[in-house]
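Chain by chain, the residues run as shown.
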Amino acid sequence: MNSLYYQKRLSRNIGDTFFTSLSVICALIAILPLIFLVTYILIKGGSQITPELFTLEPNPPGDDLDAGGINPALIGTLIITTIASIIAIPVGVGGGIYLAEYSKGGAFSRFIRFGVNVLAGVPSIIAGVFIYALIVSTKILFGSMYSGLAGGMALSILMLPTVIKTTDEGLKLVPNELRYASLGVGASMYTTILKVTLPSAIRSIATGVVLGIARAAGETAPLIFTALFSYYYITGFGDLFYEMGSLAVLIYNFALEPYDAQNKLAWAASFILVLSILSVNIFSRILAAFTEKTKRV
Amino acid sequence: MIKTNKKTPKNIILSLENVSISYGTFEAVRNVFCNFKKGDITSLIGPSGCGKSTVLRSLNRMNDLIPNCSLKGTVLFDGTNIYDKRVDPVEVRRRIGMVFQQPNPFPKSIYENIAFGARINGFVGDMDELVESSLRKAALWDECKDKLNDSGYSLSGGQQQRLCIARTIAIEPEIILMDEPCSALDPISTLKIEETMHELKKNYTIIIVTHNMQQALRVSDMTAFFNAIEYEDGDGGKVGYLAEVNTTKKIFNSPKEKTTQEYISGKFG
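Residues numbered from 1 in each chain as written. Chains lettered and ligands numbered in written order. Predicted model: local features only at pLDDT ≥ 70, side-chain atom pairs only at ≥ 80, totals over all residues. Heavy atoms only, no water.

1. Observations concerning the overall build of chain A
- Looking only at helices and strands, chain A has 10 helices and zero strands in total.
- Overall, chain A shows an N-to-C arrangement of helices and strands of α-α-α-α-α-α-α-α-α-α.
- Expected size for 297 residues packed as a compact globule is a radius of gyration near 19 Å; at 25 Å, chain A overshoots this value by more than 25%.
- Each principal axis of the C-alpha distribution contributes one length, and for chain A these read about 85 × 70 × 35 Å.
- In chain A, which comprises 297 residues, the proportion classed as buried is 40%.
- Residue pairs at least 24 apart in sequence account for 73% of intrachain contacts in chain A once pairs closer than 6 positions are excluded.
- Working note: accessible area of chain A is about 16,300 Å², and carbon and sulfur atoms make up 70% of it.
- Between the averaged position of the 19 positive side-chain charges in chain A and that of its 16 negative side-chain charges there is a distance of 20 Å. (Helix = DSSP H or I, 4+ residues; strand = E, 2+ residues; numbered from the N terminus. Rg over C-alpha atoms; globule rule 2.2 N^0.38 Å. Buried < 20%, exposed > 50% of the residue type's maximum accessible area, 1.4 Å probe, protein only. Contact = heavy atoms within 4.5 Å. Areas by Shrake-Rupley, 256 points an atom, 1.4 Å probe, with all protein chains shown as cover. Lys, Arg positive; Asp, Glu negative; His and termini not counted. Charge placed at Lys NZ, Arg CZ, Asp CG, Glu CD.)

2. Describing the overall build of chain B
- Scanning chain B from terminus to terminus reveals 10 helices and 10 strands.
- Each of the three principal axes of chain B carries a C-alpha extent, and together these read 60 × 45 × 35 Å.
- Looking at chain B as a whole, 55% of its 269 residues are labelled buried.
- Sequence separation of 24 or more characterises 69% of the internal contacts of chain B that already satisfy a separation of 6 or more.
- For chain B, the computed accessible surface area is about 12,200 Å², with 48% contributed by carbon and sulfur atoms.

3. Considerations on a nonpolar patch on the surface
All names here are of chain A.
- On the surface, V24, I25, L28, I29, I31, L32, L34, I35 and F36 cluster together into a nonpolar patch covering about 830 Å² of accessible area.
- In this structure, I35 sits in helix α1 (residues 11–46).
- For I35, a relative accessible area of 43% corresponds to the partly exposed category. (Patch = residues over 30% accessible without salt bridge, like charges linked within 9 Å, V, L, I, M, F, W, Y side chains within 5 Å. Salt bridge = Lys/Arg side-chain N within 4 Å of Asp/Glu carboxyl O.)

4. Points about the pairing of strand β4 (residues 69–77) of chain B
Residue and element names in this part refer to chain B.
- Bridge count for strand β1 (residues 12–23) against β4 is eight bridges, and the pairing is antiparallel. From the neighbouring strand, L14 faces β4, where its bridge partner is F77.
- Sheet topology places β4 next to strand β5 (residues 80–81); two bridges connect them, and they run antiparallel. Paired with L76 across the strands is N81, a residue of β5.
- Counted along the chain from β4 to the antiparallel partner β5, the turn is two residues long, and its residue D78 has a positive phi close to 60 degrees. (Pairing = 2+ DSSP bridges.)

5. A few points about the interface of chain B and chain A
- With 20 residues of chain B at the contact, the number on the chain A side is 16 residues.
- Around 1,600 Å² of area is buried between chain B and chain A when both sides are counted, 74% of it from carbon and sulfur atoms.
- Contact with chain A buries surface across chain B, with L65(B), F106(B) and F116(B) losing the most and accounting together for 24% of the total.
- At the surface where chain B touches chain A, the tally comes to zero salt bridges.
- Linking chain B with chain A are four residue pairs in polar contact (both at pLDDT 80 or more), by the criterion used here.
- Breaking the side of chain B that touches chain A down by element, the ones donating at least two residues are α2 (89–95), β6 (96–99) and α3 (110–120) of chain B. (Buried area = accessible area lost by both parts, 1.4 Å probe. Polar contact = N/O pair within 3.5 Å; in protein donor to acceptor, adjacent residues only side chain to side chain.)

6. A word on the nonpolar core
- Within the largest apolar cluster, 65 residues are counted, with the highest numbers of intra-cluster contacts made by I70(A), L155(A), L247(A), L250(A), F106(B) and F116(B).
- Counting only elements with at least two residues in this core, the list comes to α2 (71–102), α4 (124–136), α5 (148–172), α6 (176–184), α7 (189–217), α9 (247–255) and α10 (260–295) of chain A together with α3 of chain B.
- No other element matches α5(A), which puts 11 residues into this core.
- Setting aside chain neighbours within four positions, we find I70(A) in contact with L53(A), L56(A), L247(A), L250(A), L265(A), A269(A) and I272(A). (Core = buried A, V, L, I, M, F, W, Y, C linked by side-chain atoms within 4.5 Å.)

7. Remarks on the pattern of salt bridges
- All chains considered together, the criterion is met by 18 salt bridges over all chains.
- With its nearest N and O atoms 2.8 Å apart, the salt bridge here joins R95(B) to D78(B). Separated by 17 residues along the polypeptide, R95(B) in helix α2 and D78(B) in the loop between β4 and β5 bring together distant segments of the chain.
- On the basis of relative accessible area, R95(B) is assigned to the partly exposed category, the value being 23%.
- With its nearest N and O atoms 3.1 Å apart, the salt bridge here joins K202(B) to E199(B).
- Sharing partners across several salt bridges, the network here consists of R113(A), D168(A) and K172(A).

These values are about where atoms sit, not about what they do.
Listed below in structure tokens is the structure:
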């Protein structure tokens, strides 16, 4: 008769311990890159942070030891991401509303859903090349070639699928009873969506928008073909139509320079970029947690 | 206003003429003829799957929201076939309000829950007064007059359902449809809703679907008994039909049909 007590040496218990430890180790290895990456950038970049970093233009490589600051790139990233949001949020939310509220699951909406998934998987460099061919090489935007505007358009292509999908899914979570309630008191479809369903889903939509922005802000490849880079301060509205710097492209350019000062600037920019994307992601998590809390009320 | 040349008796507010409703290829109810009198409470009773809720939802075109749902026949309201192509379903729902099975207040304050419908219907009078009178008619005023700015969800289930009734009254419909309004409620809340219905009867026509025969007996003037049977030409599934409609007294005391007798005495259903 076997004892009821736990026996370590039993083959099933040895196997059990082995596989438990194996999965824990794999989980640790999976998280290691993130930990190392963030700490490395925090150490390498964090030590480079000075007040001048945020105010100065970057100096052209080579002529002196001081690399300057990242002000134009920082502002450029903000502007390009804003342009991308201005394009992608209305179109994405509108498309999501169509999918969730108006479409009846026919061939057209299935095609759009499939298309959105494909778009989400398109490599970001393709978005850049596409806008290059469409806008930059044709000089269609008032004769300007590389511009912040073109950069924003390229990023909006990358934001679009996230925004459409989260809007669609957020609206689908709104219970149908709520729609019936609104239509039952004689509201039109338009009033129902604007006053009842959208407000109920607004936080999950906002989460998706924030995630989309976080993804777009860190992209390099699409900007190399569209916004290119600029060393100079952004001074006015007209600068939208010229080359515009961004953090991601600044990192790409300066990390490859042979000069130490430029490399350090690239580290500093990496630090700022990673920190802002990290905080935007955390912000979206808080937003999502807030959504779940209010849903239970 | 679209007029049809069909004449209906004066006190008939709504009438179904040879109505059949299908979901895709599945036929839910067949050949329903029924008149609803103005100012009456009419109960629709019958076993599950007999199509009584389907018929109720067809009366203010709520079925439009269900994909593949189609209706044959005419539903005459105020001399107009509400399924005429020129009819705007939004306008129909403004004049025929609905209370649903599950209480479904808007995620807004109690005040806004009532003001919302009125406002979109172009109400321009004193909103405070309208909110108060609607809540009074729904017998909810005393319980929530001090917390009109609280969320509609802060109320109990029974109170939420009365809030939904108040919301429907606020748009001043001519008919109120109720789809098993008490099935999610406890007996005390049910009783309160029934009292509310007796009050509302003075001004509104009410059509109610209920599973509870005692409730039908308590609240309604007329009762329509729906049943489901297999038709020979059907695909084997049961199809609902209107078995008998009469005053509630007659339905419960001396029904003409054998199936009605069996259903109300609890032999099936």
